[in-house]
Amino acid sequence: MDATTLGSLLVGLGAVVGAVVAYLGKRGENAITAYGSLTNDLQEERENLKAELASARAERDALNTRLAEQAALRAADQAEIARLRALIVHLGGEP
């Protein structure tokens, strides 16, 4: 093999290696871009879930407040019923 053929083979081999390196580099770039996109999507989803959780907690707190108010009203009603029964017994009736 003469020097020209050897040089041509080396240039061809260099071109193939360059193409493989460029292909792998582009694959890596695409993977990094996909990873960054996935990370951004996950962060956005996490923020949305945090907002939903905060909303659910606020709704739960409002319901707990309403439930406490209803319990207080029930206790007041029970006390009024007991007072009225005592009044009926005092007046000679039967509750």
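Right above here is the structure, for reference.
About the thresholds
Residues numbered from 1 in each chain as written. Predicted model: local features only at pLDDT ≥ 70, side-chain atom pairs only at ≥ 80, totals over all residues. Heavy atoms only, no water. Helix = DSSP H or I, 4+ residues; strand = E, 2+ residues; numbered from the N terminus. Rg over C-alpha atoms; globule rule 2.2 N^0.38 Å. Buried < 20%, exposed > 50% of the residue type's maximum accessible area, 1.4 Å probe, protein only. Lys, Arg positive; Asp, Glu negative; His and termini not counted. Charge placed at Lys NZ, Arg CZ, Asp CG, Glu CD. Salt bridge = Lys/Arg side-chain N within 4 Å of Asp/Glu carboxyl O.

## Quick notes on the overall build of the protein
Part 1 of the reasoning: Scanning the protein from N- to C-terminus turns up one helix and zero strands.
Part 2 of the reasoning: For the protein, the C-alpha radius of gyration of 40 Å lies well beyond 12 Å, the compact-globule estimate for 95 residues.
Part 3 of the reasoning: If one aligns the C-alpha atoms of the protein with their principal axes, the spans along those axes are about 130 × 15 × 5 Å.
Part 4 of the reasoning: Per-residue burial for the protein yields a buried fraction of 0% across its 95 residues.
Part 5 of the reasoning: Within the protein, one finds 10 positive and 13 negative side-chain charges whose respective centroids are separated by 6 Å.

## Quick notes on the pattern of salt bridges
Part 1 of the reasoning: Tallied over the entire structure, the rule returns three salt bridges.
Part 2 of the reasoning: Taking the shortest distance from any N to any O, the salt bridge between Asp 61 and Arg 60 comes out at 3.3 Å.
Part 3 of the reasoning: Taking the shortest distance from any N to any O, the salt bridge between Arg 83 and Glu 80 comes out at 2.8 Å. Taken together, the residues span about one helical turn, with Arg 83 and Glu 80 both in helix H1 (residues 3-90) at a distance of three residues.
Part 4 of the reasoning: Judged by its relative accessible area of 35%, Glu 80 falls in the partly exposed class.

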